[in-house]
Amino acid sequence: QVQLVESGGGLVQSGGSLRLSCRASGFTFSMSDMSWVRQPPGKGQEWVSDISYGSITTTYADSVKGRFTISRDNAKNMLYLDMDSLKAEDTAMYYCLRGRESTWRDYRDWGPGTLVTVTE
């Protein structure tokens, strides 16, 4: 059974940094494209970033480009999101999911998410 467990969220001041982690199991992680998706309080889901299964290709939403970095460790079944220069608008519940920008909605194995709160 597919399981995705996010961690690393917390309270941080604007301009600060944070690293989010995602532990994956129940599927062939090393052969799966992965995405980070976030949902601000009271708002809809927003795709943030994706990475190909071999880490050859990474893409970012315009809102986080230049500030966030996605990476993975296939030997550990881990996905990461390094966030720098955080802004109040980055406040959201963050989720990791299989797929890329155009395909993540095809998957339904949502984990608990991890909450990031950025204060001004």
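Before reading on, note that the structure itself is shown above.
I will try to describe carefully the structure that is included in this document. If you're wondering where the values come from, they're calculated on a predicted model, not measured in any experiment. The residue numbers shown here count from 1 along each chain, following its written sequence. Owing to the predicted nature of the model, reporting of local features is limited to residues with pLDDT of at least 70; listing and counting of side-chain atom pairs is limited to 80 or more, with chain, interface and lining totals taken over all residues. Water and hydrogen atoms were dropped before computing side-chain values, which therefore reflect all heavy atoms in the structure.

1. Some remarks on the pairing of strand β7 (residues 68-73)
Cut-off, in case you're wondering: Working definition: with a 1.4 Å probe on protein chains only, accessible area under 20% of the residue-type maximum means buried, over 50% means exposed, and in between means partly exposed. Working definition: helices are DSSP H or I runs of at least four residues, strands are E runs of at least two. Numbering for both runs from the N terminus. Only when DSSP finds a minimum of two bridges between them are two strands counted as paired.
Taking every second residue as pointing to the same face, the buried face of β7 carries Phe68, Ile70 and Arg72, while none of Thr69, Ser71 and Asp73 on the other face is buried. Relative to strand β8 (residues 78-83), β7 is paired through six bridges, and the arrangement is antiparallel. If you follow Phe68 over to β8, its bridge partner there is Met83. Between β7 and β8, which pair antiparallel and follow one another directly, the connecting turn spans four residues, one of which, Asn77, has a positive phi of 55 degrees.

2. Digging into the nonpolar core
Short version of the rule: As used in this record, nonpolar core signifies buried Ala, Val, Leu, Ile, Met, Phe, Trp, Tyr and Cys residues forming a set joined through side-chain atoms within 4.5 Å. Contacts are assigned to residue pairs that have any heavy atoms within 4.5 Å of one another.
Counting 30 residues, the largest nonpolar core has Leu20, Trp36, Phe68, Leu79, Leu81, Met83 and Tyr94 as its most contacted members. Counting only elements with at least two residues in this core, the list comes to β3 (18-25), β4 (34-39), β5 (46-51), β7, β8, β9 (92-98) and β10 (114-119). When residues no more than four places from it in sequence are discounted, the contact partners of Leu81 are Leu18, Arg19, Leu20, Trp36, Val48, Phe68, Thr69, Ile70 and Tyr94.

3. What about the side chain of Arg67?
Quick reminder of the rule: We call two N or O atoms a polar contact when they sit within 3.5 Å, provided that within protein one can donate a hydrogen and the other can accept it, with sequence-adjacent residues counted only if both atoms are side-chain atoms.
Counting through the fold element by element, Arg67 comes out in the loop between β6 (58-60) and β7. Residue classification places Arg67 among the buried positions, given a relative accessible area of 10%. Of the polar contacts made by the side chain of Arg67, one reaches the side chain of Asp90; its length is 2.8 Å. In this structure Arg67 touches Asp82, Met83, Asp84, Ser85, Leu86, Lys87 and Asp90, once residues within four positions along its chain are discounted.

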